[in-house]
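Overview (structure and organization)
Below are the chains, spelled out letter by letter.
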Amino acid sequence: MRQALYSPLLAAARRTLVVWAGLAVLCAHAGPPAKGAEAKPAERSVTEWLLRMHDASRLRSYIGTFVVSFNSGEMSSARIWHACDGQLQVERVESLTGARRSTFRRNDEVVTFLPENRLARSEKRDSIGVFTDLLKAADTSIADLYDARRVGDDRVAGFDADVVQLTPKDTLRFGYRIWSEKKTGLVVKTQTVDAMGGVLEQAAFSELQLDAPVRVEKLTQMMAIPEGWRVERTESTRTTAAAEGWSLRTQVAGFRQLSCSKRPAEGMLQWVFSDGLASVSLFIESYDRKRHAQEGLYSSGATHTLTRRMQDWWLTVVGEVPPQTLKAFAQNLERRR
């Protein structure tokens, strides 16, 4: 169940994209630079360099090797091709460790190829645009949840970078350190840190080619499923928690609902929340004593997982947040019918 819900490498890559989107909101709340201010790169305001990070993530094409490491000592790596054309974002992620697999994402359309089994898995996932829309909402509270400040300079994958620290204002979320390439603003490295400053998870480019000749059309063509391959499609339908008989007694501070969907074939409901940077997913299904024998709390880098039986139901809460945040969601979940 755990592996079916969470891929550490891809989750870290998506989390990096969410951080990029979130930075734009911090910019908006920081206000414009002072009139008459010098436009020198070394004296760029926090507002200016955060905005550059966000724009770079949307407008730049690149090819690179992406490495994710965890505080447990585990490590994963992949080759990434990223192309963009207006609102269209297309990526190819080729695993370099573990089982061979290639994952393509075209906005919310995701296809994963497993060559050893001649298997292709096709599904729809909320694209980064969903997070961007949430963050642009008038009532977003991200600037009330995190402080941002520039803390130094560094080099990543041969590129000079500014380093920014995002510090949470409560204990319900982790902090981040972000490395932004000086010339373009592209995020080249992120760290998720706990309350003591310890690194839980790091995602960084070990090699990077900016403005690479990678095209949306070419990557889209590569998403075609080869003849003779078996296809598994994960079907899900939009719904609401209320329609499915669920609610939260009280909202967990700073987290807003992103989506709610159900997978009829698996009999599972997925309810997703985000504070603009971190996300939490609630997976609810019928209790099966053969598959759901052990309740508990598990961790992998910045991601924690809580499992719990609720009478005739089995709850799995997954998020890049401290354990107390998952417990708050679980304790507030109730069955209405």
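Structure first, text after, so check above.
Residues numbered from 1 in each chain as written. Predicted model: local features only at pLDDT ≥ 70, side-chain atom pairs only at ≥ 80, totals over all residues. Heavy atoms only, no water.

Examining the pairing of strand β1 (residues 62–70)
With eight of nine residues buried, β1 lies mostly within the body of the structure. Direction of pairing for β1 relative to strand β11 (residues 199–210): antiparallel, over a ladder of nine bridges. Across the sheet, residue Tyr62 finds its bridge partner in β11, namely Leu210. Pairing between β1 and strand β2 (residues 75–85): eight bridges, direction antiparallel. Looking at the pairing, Thr65 lines up with Arg79 of β2. (Buried < 20%, exposed > 50% of the residue type's maximum accessible area, 1.4 Å probe, protein only. Helix = DSSP H or I, 4+ residues; strand = E, 2+ residues; numbered from the N terminus. Pairing = 2+ DSSP bridges.)

Some thoughts on the sheet that holds strand β16 (residues 268–274)
In spatial order, the strands read β13-β15-β16-β17-β20-β19-β18; together these seven strands make up an open sheet with antiparallel pairing. Whereas interior strands pair on both sides, the edge strands pair on one side only; in this sheet they are β13 (237–238) and β18 (296–300). Judged from the seven bridges that link them, strand β19 (residues 303–310) and strand β20 (residues 313–319) form a sheet pairing that is antiparallel. In the sheet register, Leu306 faces β20, and the bridge partner there is Val317. Packing against the sheet, helix α7 (residues 323–332) makes contact with β16, β17 (279–286), β18, β19 and β20, and its axis sits at approximately 25 degrees to β19. (Contact = heavy atoms within 4.5 Å. Axes fitted to C-alpha atoms, helices over the stretch in contact; angles between N-to-C directions.)

Here we look at the packing of aromatic side chains
What the rule picks out here adds up to ten aromatic pairs. With 5.6 Å between their ring centres and 80 degrees between their planes, Tyr62 and Phe205 make a pair best called edge-to-face. With Tyr62 in strand β1 and Phe205 in strand β11, this residue pair connects regions lying 143 residues apart in the sequence. Given the relative accessible area of 3%, Tyr62 is considered buried. Summarising the aromatic geometry, the rings of Trp246 and Trp313 are spaced 5.4 Å apart at their centres and angled 80 degrees between planes, so their arrangement reads as edge-to-face. Here Trp246 is found in strand β14 (residues 246–248), whereas its partner Trp313 is found in strand β20, with 67 residues between them in sequence. Since its relative accessible area comes to 4%, Trp246 is described here as buried. (Phe/Tyr/Trp six-rings, centres within 6.5 Å; stacked < 30°, edge-to-face > 60°.)

Considerations on the sheet that holds strand β5 (residues 109–114)
Across the sheet, which stays open at both edges, the twelve strands sit in the order β7-β8-β9-β10-β11-β1-β2-β3-β4-β5-β6-β12 with mixed pairing between neighbours. Edge positions in the open sheet fall to β7 (146–156) and β12 (230–234), since each of these has one partner strand only. Here the strands of the sheet are splayed against their neighbours by 20 degrees on average, with no regard to which way each runs.

Some words on the nonpolar core
Counting residues in hydrophobic clusters, the biggest one holds 33 residues, and the most contacted among them are Trp271, Val280, Leu282, Leu315, Val317, Phe329 and Leu333. The dominant element in this core, judged by the number of residues it contributes, is α7, at four residues. Sequence-distant contacts of Leu282, that is, excluding residues within four places in its chain, are made with Leu269, Gln270, Trp271, Phe273, Leu315, Thr316, Val317, Phe329 and Leu333. Among the nonpolar cores identified, the runner-up in size contains 17 residues, and Ile80, Val93, Leu186 and Leu210 belong to it. (Core = buried A, V, L, I, M, F, W, Y, C linked by side-chain atoms within 4.5 Å.)

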